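# Notes for the structure review
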Amino acid sequence: MRLYLSALQFSLFVFLSALPLLAHAQQRFTLSGVVRSAADRSVLPGASVAVPALGTGVTADSAGFYSLTLPAGRHQLAISFIGYQSQTRELNLVKSQRLSFSLPEASNELGEVVIEGTGTLEQKLQTTQMSVEHLNARDAKLLPALFGEVDLLKTLQLKPGVQNGGEGTSGLFVRGGSADQNLFLLDDALVYNPSHLFGLFSVFNSDAIQSVDLYKGGFPAQYGGRLSSVVDVKTRDGNAQKFGVSGGLGLISSRLTVEGPIVKDKGSFVLSGRRTYFDVFTRQINKLNEDTEDYNPIPDYYFYDFNAKANYKLGEKDQLFLTGYYGRDVFGFNSTGGFNFDFTWGNTVGSLRWSHAFSPKLFLNTTVSTTRYQYQIANKLDQFGFSLSSEIRDYAVRSDLDYLLNDKHTIKLGVSATNHRFNVGRLSASSTDGSLNIGSETVYTGQEASAYASDNFKVSDKLQFDYGLRLTGFQSGTDRFAALEPRGALRYSLTPKTSLKASYAMMYQYVHLVSNSGASLPTDIWYPSRLNVKPQRSQQVATGVSFLLGQGKYLLTNEVYYKWARNQVDFRDGAQLFGNSDLDAEFLFGKGWAYGNELYLEKKAGRTTGWVGYSLAWTQRQFPVQRGSSGVNNGKVFYPTYDRRHNITVVGLHQLNTRINLTASFVFTSGAPTTLPSGRFLLQDIFGDDVEAVPIYPDRNTYRMASYHRIDLGMVYKLRPKHGESDLTFSVYNAYNRRNPYFIYFEQVRNKETGDVTNFRARQVSLFPVIPSVTYNFKF
Amino acid sequence: MTCLLPLTYTLLKSLRCGAVAGLLCLIFTGCNLQKDIDVELPAVPSQLVVECYLEPGQVPRLTVSETVPYLSSPTPTLLTDVSVVLTLPSGQKEAFRFTPGLDTLTQKFFTHKGKNPLVAKPGDTFKLDVQDTQGRHVTGTATMPALVPIDSIRWKFNDKSTEERRAYLLVKFQDPAATADFYRLQIHKDSISKDPNRDFELDDRLTNGQLMTLGTSYRYSTNDTLLVTLYHIDQPYYRFLQSVNDAQNANGNPFAQPAAVRSTVEGGVGVFTILSYNRKQVIVR
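Residues numbered from 1 in each chain as written. Chains lettered and ligands numbered in written order. Predicted model: local features only at pLDDT ≥ 70, side-chain atom pairs only at ≥ 80, totals over all residues. Heavy atoms only, no water.

Looking at an unreviewed UniProt entry, chain A carries the name TonB-dependent receptor, with the source organism given as Hymenobacter lucidus. Chain A has a UniProt comment under Subcellular location (unreviewed entry) that states "Cell outer membrane". As recorded by UniProt, the Sequence similarities (unreviewed entry) comment attached to chain A reads in full: "Belongs to the TonB-dependent receptor family." (UniProt positions renumbered as here; feature names shortened; annotations may be inferred.)

Below you can see the structure in the form of structure tokens.
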């Protein structure tokens, strides 16, 4: 057993000594209830319920439930949520009571000037939580999107501190963390591979999603298992009032959602599906060319996914939530050489949550979930067949207790346990005549458990702490690991409009992504911590200052962070990652550092909303000489490919009138580091008349490509159909047709007549030119 | 392992690029998404490059060149100040002569040549020493692997019309159980002086001691004359071949990590190995 005790004594001391033991003389009562959408009665997690005069407020939990303890007397409540019209309500509090709110949607046909969301900025100023980005699916749908495909993860890439892994991809690289260090949760169930089409689209269908919270640092104690970020995705509950159908027809895919009440005001459901149709076009192209000599058919490719959610109120105190996701990517082709290749991959996710309120101050959420990511490659040639597959399957249970002890303390306690099954590679080769029969399979199991406790302690109106401790453990076979992860955050209100914040978080990651591609691929394998594969660890400190400006319409935030990590994972040059029963030997371990400054100005009220972000950041890695290997980059420090020095994003949304929303976004990032061969040599080989140039690579990622920038423009035009609602969403991606660098390669220039090599040259490849698209959306 | 495995690995490596490229072709046919750019590459000192494949019964030949900046002129420089010494298993040293020329059998250019046909049997170890007047010094050691004979070569035609009728080829051989073994299979059409039609290397990690089956897709026509060569190679040469492939694939693949070439020699770049192969000729009919 390896116990990581760093900061243990300090954390325990702080935690135990600060446990609430205070009595209160003044009479206080608890106000609690649920914040819902007036349109469809769905709950609004993250909605703000505040008493501005007292400078206090709370955020609704994942069930839309809020609870606020206030002194007896008259109060003016402000209820707000992004995308909804704020409400104010007078209240004379003489006893503890339930009071629920319904917020109308902000944008509607009546066309009044929309005042929304000022309370959310106030709430953001007041909370101890820093380094978090909240995104509502409704906002994301207004923004211009590549191929018109709304993608919440790509919208998150427009926030400071978040990089993409390459043009158009949905991978997230948060504050110097790699793509496998993000915890993707879909209604509390883990999603291992969040992308379709090799990372170009995320698995999160915006029609099924309510909101996404991205934690970049200052991680609350209830989250763990990944080093760099938490992407907490909440799905919609569905319309509890009436049945409805909505959907869209886009350039590359179509979507359909059905929702409605199970029992009116007691439960609702939503079913959402989408499918791409590249294959419809490619099959036609192949058919047209089938008589063409030497024509290589375009492979079939499509993806589809389904989301399902149901909730049912068992009584005043109990509610059940059932979530399911099933998605597959399918890729296949039949070569002219008679070789069939079929490749499928995808996630299957399910969760069932029971929410129970013991009292207006004590809630319990218990979730059982399962997640499975698998890929399978099946090849066939005449009588011979070959298949390669991998799978990770988890069963998990977690229980979270929220106790609003008094108006100074909110306690959170929780436990979780997960059973992992890693099938890191199953190979089989066979022939129908029995002359060939080879099989290989490597399976590991792992058990992960955690327990946490945290307290949000409001010391005074000015000072607030959130501190906690998370105990985590992992075992795989006879190898066991355990660790304590202290977490802490504080907020000090310098003035009613200015907050200072600071946070610290330690994170452990016990499962590792086996990939040497530098990008997330469907064939990536997850691997457990074992004797020679230690858990990854990171620590992050961050400080920030927030200013509420312009009568609360703007929030200006500046954060500085420093993150350091150990046991970062890479692989030996030429590592054999497929069907390797001794994968341990291929790992390399190193250190990582990331630091930077993020400046963020956002506006959420009025006809014009949006944000401006700027980050200045450094990310470094080092993998020293080890285990018979020269490490990575001969042990020298290097910048990973997702290191970007400067990153500027500007996002604007403007409601021109009742029917037209205009949107625009601008992105600028410094050039990505890459490795170009510095030299070459000629290799003749044993036989043959060709001589090949073999590149020699210098230190890793020492060359910077040209900077990246583009503007996207969008317009949502509301139609006036006889029934229901519909709109046309226009997008122009890369509006000024910038040829952004995607990668650079060197090629030989040959004399067309003699075939002799006359020169070598460098070529820059761009991925996406200007791409206009239109999507038709409907709802009835 | 079956014939499909190497092809599958290659496909996986190029899959994402291919899929993205396919999607782009579909949508932006006609868009020019590439352009020439100027890049400034760091200057690195040039190293000696050695390429030497010893073969029993053949007079040893060796090619010495040097690494050059990637974007420099493609015209190679002939190094005239290099001395080469081969140490035989007996300890006897044989200095190679500097006699640049073309090997008519292999169609390979060489710079240095031994005196006598090589005498070698499996297990014999040779040493190579290459030096120039600038102080660059490359050394290498290689042991001749045992011969692994080809057990059988078979083919089967598809059911298509005469013009499209093609056969796949299956090559079988017995892998020795006692050792970790590495192979290279080359299939030449008509003559070994041309580039091979199929060429891949593999190990016996998953198939140790078994009857190995390697093959191709439907690609051979009636009356094709095929020269099938099975090399039993040592691990350093296997790693060298793989690393050369990886290095070449990394140029132009945004998802590949740049890979260093793992030479079998020290002090420079290149390969020194002793060939142990079994070759059979078949006419597909």
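Structure's up, so let's keep going.
Turning our attention to the pairing of strand β20 (residues 253-263) of chain A. Residue and element names in this part refer to chain A. Where strand β19 (residues 244-249) lies against β20, 6 bridges are found, and the strand directions are antiparallel. Bridge pairing in β20 places glycine 248 opposite arginine 255. Where β19 folds back on β20, the antiparallel hairpin that results is connected by 3 residues. As judged from the 10 bridges shared by β20 and strand β21 (residues 267-276), these two strands associate in the antiparallel manner. (Pairing = 2+ DSSP bridges. Helix = DSSP H or I, 4+ residues; strand = E, 2+ residues; numbered from the N terminus.)

Residues and elements named next belong to chain B. Look at helix α2 (residues 235-250): 22 Å from first C-alpha to last across 16 residues, which is about the 22 Å you get at 1.5 Å a residue. The complete set of buried residues in α2 reads Tyr237, Tyr238, Phe240, Leu241, Ser243, Val244, Asp246, Ala247, Gln248 and Ala250. The N-cap of α2, judged by a side-chain oxygen 3.1 Å from the amide nitrogen of tyrosine 237 a few residues on, is aspartate 234. The first or second residue beyond α2 is glycine 252, which carries a positive phi of 110 degrees. (Expected span 1.5 Å × (residues − 1). Buried < 20%, exposed > 50% of the residue type's maximum accessible area, 1.4 Å probe, protein only. Polar contact = N/O pair within 3.5 Å; in protein donor to acceptor, adjacent residues only side chain to side chain.)

What follows covers the interface of chain B and chain A. Counting residues at the interface gives 93 residues for chain B, matched by 90 residues for chain A. Buried surface at the junction of chain B and chain A, both sides included, amounts to about 8300 Å², of which 65% is carbon and sulfur. Our count for the contact surface shared by chain B and chain A stands at 3 salt bridges. Between Arg761(A) and Asp36(B) there is a salt bridge, with the nearest N and O atoms lying 3.4 Å from each other. Between the two partners, chain B and chain A, sit 23 residue pairs in polar contact (both at pLDDT 80 or more). (Contact = heavy atoms within 4.5 Å. Buried area = accessible area lost by both parts, 1.4 Å probe. Salt bridge = Lys/Arg side-chain N within 4 Å of Asp/Glu carboxyl O.)

Right, let's get into the confidence of the model for chain A. All names here are of chain A. Averaged over every residue, the pLDDT of chain A is 87; the share at 70 or more is 93%. Here helix α1 (residues 8-17) stands out as the least confident element of chain A, with mean pLDDT 37; strand β31 (residues 498-509) is the most confident, with 97. In this model, residues 1-25 is a region of pLDDT below 50 whose contacts with residues beyond four sequence positions or in other chains number 40 contacts. In this model, residues 108-118 is a region of pLDDT below 50 whose contacts with residues beyond four sequence positions or in other chains number 30 contacts. (pLDDT = per-residue confidence, 0-100.)

With that out of the way, let us pick up helix α5 (residues 278-288) of chain A. Residues and elements named next belong to chain A. Restricting attention to buried positions, one finds in α5 the residues Phe278, Asp279, Thr282 and Asn286. Take α5 and look down its axis: the buried residues cluster within an arc of 85 degrees, on one side only. Counted as exposed and oriented over 90 degrees from the buried face of α5: Lys287 and Leu288. (Arc of directions from axis to C-beta.)

Quick look at the sheet that holds strand β47 (residues 757-765) of chain A now. A sheet is described by the order of its strands in space; here 3 strands give the open sequence β46(A)-β47(A)-β1(B), paired in antiparallel fashion. A single partner strand is all that each edge strand has here, and the edge strands are β46 (743-750) of chain A together with β1 (34-37) of chain B. Taken pair by pair, the neighbouring strands of this sheet meet at an average axis angle of 45 degrees, ignoring direction. Two elements, β46(A) and β47(A), share 8 bridges in a ladder whose sense is antiparallel. Counterpart to Gln748(A) in the pairing with β47(A) is Phe760(A). (Axes fitted to C-alpha atoms, helices over the stretch in contact; angles between N-to-C directions.)

Attention shifts here to the nonpolar core. In terms of nonpolar packing, the biggest core is built from 78 residues, with Tyr375(A) and Phe587(A) touching the most fellow members. Apart from residues no more than four positions distant in its own chain, Phe587(A) is found in contact with His512(A), Val514(A), Tyr527(A), Val533(A), Val569(A), Asp570(A), Phe571(A) and Arg627(A). Formed by 24 residues, the second largest nonpolar core is a distinct cluster that contains Val694(A), Tyr53(B), Tyr231(B) and Phe240(B). (Core = buried A, V, L, I, M, F, W, Y, C linked by side-chain atoms within 4.5 Å.)

What follows is about the UniProt feature "domain: TonB-dependent receptor plug" (unreviewed entry) in chain A. Taking the UniProt record as the reference, the feature "domain: TonB-dependent receptor plug" (unreviewed entry) is found at residues 148-226 of chain A. Each end of residues 148-226 of chain A is marked by a C-alpha atom, and these two atoms are 31 Å apart; helix forms 6% of the span and strand 28%.

Another aspect to go through is the domain arrangement of chain B. Many authors give the size of an interface as the accessible area that is lost as the parts come together. All names here are of chain B. Looking at chain B, the domain boundaries give domain 1 (48-143) and domain 2 (150-262 + 276-283). Once you take the C-alpha centre of each, domain 1 and domain 2 turn out to be 26 Å apart. Here domain 1 packs against domain 2, burying approximately 490 Å² in sum over the two surfaces, 44% of which is carbon and sulfur. The three residues of domain 1 that bury the most area against domain 2 are Tyr53, Glu55 and Leu105, which together make up 55% of that side's buried surface. Linking domain 1 to domain 2 there are 0 salt bridges. (Domains from an automatic or database assignment.)

Residues and elements named next belong to chain A. Enumeration over the complete set of coordinates arrives at 43 salt bridges over all chains. One salt bridge in this structure joins glutamate 559 and arginine 175, with 2.7 Å as the shortest N-O distance. Separated by 384 residues along the polypeptide, glutamate 559 in strand β35 (residues 554-571) and arginine 175 in the loop between β12 (173-174) and β13 (182-186) bring together distant segments of the chain. For the pair formed by glutamate 559 and arginine 175, the shared burial category is buried. Where arginine 530 meets aspartate 584, a salt bridge forms, and the shortest distance between an N and an O atom there is 3.1 Å. Pair noted here: arginine 530 is in the loop between β33 (525-528) and β34 (536-549) and aspartate 584 is in the loop between β35 and β36 (587-603), with a separation of 54 residues, a long-range link. On the basis of relative accessibility, which here comes to 18%, the residue arginine 530 falls in the buried class. Exposure remark for aspartate 584: the relative accessible area of 6% places this residue in the buried category. Shared partners join several salt bridges into a network, and the residues in it are Glu133, Arg175, Lys216, Glu559 and Glu598.

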